[in-house]
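# Summary of structural features
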Amino acid sequence: NMSAGRPFRGCACFFTDNIFVGRFGLHVRYRDGPQLRRDHGRALRERGCRSEEQLRDVLREIEAEVQRRKELIHKSEERRAIISKCYKPKHPEVYTLQDSFLAPEFLEILRFCSSPGADLQGLLSYLESFSDKRIYRLPVFTEEFCQAFVDELENFEQSDMPKGRPNTMNNYGVLLNELGMDEPFLTPLRERLRPLTALLYPELGGGCLDSHKAFVVKYALHEDLDLSSHYDNAEVTLNVSLGKEFTEGNLYFGDFSQDPSPVPRYIEVEHRAGRGLLHRGGQIHGALPIASGERWNLVVWMRSSAIRNQLCPMCRRKPQLVEAEGFGDGFTEEEPQTVDLCALG
């Protein structure tokens, strides 16, 4: 997992910023108690956190999350080693990307993007576009693959293997790097998408997406029903609906986080099994509650070190690099650049 031989890093803000306080639906920045009161006291009170006891509970919740983040690398490596040694896949074939998993229309789009005269206008004729927010829907996987993949994930979920949760906002789901899917499945998928993302999102490093974080989330009654409004730690996000049967649970999109408006305009986008949504990582979005059934989604946060090395999308500062495992959060140690990496994409 190297970018031109350089290890990937995280940003130190991971231990202080964008900490989700679930019971009050708020993302906070945390240094200590007095700072939390100063910066977020009013917002917490407005959301119903009114007593000292409630605030103490919030502080405990935040401190537990900071501790979880500090132990994350070590725990994740431990889980991956156990899974690799002990887990017996039900569908071993789904761990390695094959053309037969990909929808014929998706392969056609990739062929167009790699052809000599490919341009944005031509590409848009293959995609469904939603408003002016640069959100696009396209077929990605076949129905057969989606069914086998979800069956595999359910088999893993029902096993006694250790499981890491995707993030603080989703309690049900699977981190795909821990299942060993990064190299054989996700890296080839990201690389195949690059000609497409280069045309759609050139200013976000769409032509040089060189790392990712991927996970599957599950929504079901009595589990995670919905997802609060947030933006992703990604330059470009791919979100593919894998099924199964469900009603409601649409995604909604608001403003681009770096260009908010006083009155955000929201649009709703329906999930269709096997189809993926591409959007900018900084596009504020969430998921409405499902009404019945189960919904599984593959989410791939795609990252460009050439872009994020300049500015961390989460703290909006020059990244303060810390060691990480695998792809980390997509940052790399800077070397003097004489060529534009993205132009080579």
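Everything numeric in this text was worked out from a predicted model, so none of it was measured.

### Points about the overall build of the protein chain
Per the secondary structure count, the protein chain includes 7 helices and 18 strands. Here the protein chain, with 345 residues, has 52% of them falling under the buried criterion. A separation of at least 24 residues holds for 79% of the contacts in the protein chain among residues at least 6 apart in sequence. Surface summary for the protein chain: the accessible area is close to 16100 Å², and the carbon and sulfur share equals 51%.

### Some thoughts on the UniProt feature "coiled-coil region" (unreviewed entry) in the protein chain
Mapped onto the present numbering, the UniProt feature "coiled-coil region" (unreviewed entry) falls on residues 52–79. Segment residues 52–79 splits into 100% helix and 0% strand. End C-alpha atoms: 37 Å apart.

### Observations concerning the pairing of strand S15 (residues 283–287)
Judged by how many residues are buried, S15 sits mostly within the fold: 4 of 5 residues are covered. Both strand S12 (residues 251–256) and S15 contribute to a ladder of 4 bridges, which runs antiparallel. Looking across to S15, one finds that phenylalanine 256 is bridged to glutamine 283.

### Some remarks on the pairing of strand S16 (residues 290–303)
Within S16, 10 of the 14 residues are buried, leaving the element largely enclosed by the surrounding structure. The sheet contact formed by strand S8 (residues 211–220) and S16 spans 10 bridges and is antiparallel. Bridging across to S16, tyrosine 219 finds its partner in arginine 295. In this structure, strand S10 (residues 236–243) lies alongside S16, joined through 7 bridges in antiparallel fashion. Pairing of valine 240 across the sheet is with leucine 298, part of S16.

### Description of the packing of helix H3 (residues 104–113) against helix H6 (residues 182–200)
Across the interface, H3 lies against H6 with an axial gap of 9 Å and an inter-helix angle of 60 degrees. Regarding the angle of H3 to H6, the classification is oblique. As H3 packs across H6, the resulting crossing turns out to be left-handed. From H3, Phe106, Leu107, Ile109, Leu110 and Cys113 reach across to H6, where they touch Leu189, Arg192, Leu193, Pro195, Leu196 and Leu199. The class makeup of the residues in the contact of H3 with H6 is 10 nonpolar, no polar and 1 charged.

### With respect to the side chain of lysine 218
Here lysine 218 is to be found in strand S8. Classification of lysine 218 as buried rests on a relative accessible area of 5%. Within polar-contact distance, the side chain of lysine 218 engages the side chain of glutamate 157 at 3.4 Å.

### Considering the environment of glutamate 333
Note that glutamate 333 resides in the segment after strand S18 (331–332). For the pair glutamate 333 and leucine 321, spaced 12 residues apart in sequence, the C-alpha separation works out to 7.8 Å. A distance of 3.1 Å separates the side chain of glutamate 333 from the side chain of arginine 9, its partner in a polar contact.

Parameters and conventions
- Along every chain, residues carry numbers that run from 1 in the direction the sequence is written.
- Selection of residues for local features in this predicted model requires a pLDDT of at least 70, selection of side-chain atom pairs for listing and counting requires 80 or more, and totals for whole chains, interfaces and linings are taken over all residues.
- Each side-chain value is worked out from all heavy atoms of the structure, with water and hydrogens disregarded.
- Elements are defined by DSSP. Helices are runs of H or I of four residues or more, strands are runs of E of two residues or more, and each kind is numbered from the N terminus.
- Each residue is placed in one exposure class: buried if its accessible area under a 1.4 Å probe, protein chains only, is under 20% of its type's maximum, exposed if it is over 50%, and partly exposed if it falls in between.
- What makes two residues a contact is simply this: any of their non-hydrogen atoms within 4.5 Å.
- Shrake-Rupley sampling with a 1.4 Å probe provides the accessible areas, and residues are treated as covered by the protein chains on show and by no other component.
- UniProt positions are given in the numbering used here, feature names are shortened, and annotations may be inferred rather than shown by experiment.
- When DSSP locates at least two bridges between a pair of strands, those strands are taken to pair.
- Note on geometry: axes are lines fitted to C-alpha atoms, helical ones only across the stretch in contact, with angles between N-to-C directions running from 0 to 180 degrees.
- Roughly parallel covers angles under 35 degrees, roughly antiparallel covers those over 145, roughly perpendicular covers 65 to 115, and oblique covers all other angles.
- In this scheme the handedness of a crossing depends on how the near helix is turned from the far one: anticlockwise by less than a right angle means left-handed, clockwise means right-handed.
- Side-chain classes are defined by residue name, with Ala, Val, Leu, Ile, Met, Phe, Trp, Tyr, Cys and Pro counting as nonpolar, Asp, Glu, Lys and Arg as charged, and the others, Gly among them, as polar.
- Any pair of N or O atoms that falls within 3.5 Å is considered a polar contact. Within protein, one atom must be able to donate a hydrogen and the other to accept it, and sequence-neighbouring residues count only if both atoms are side-chain atoms.

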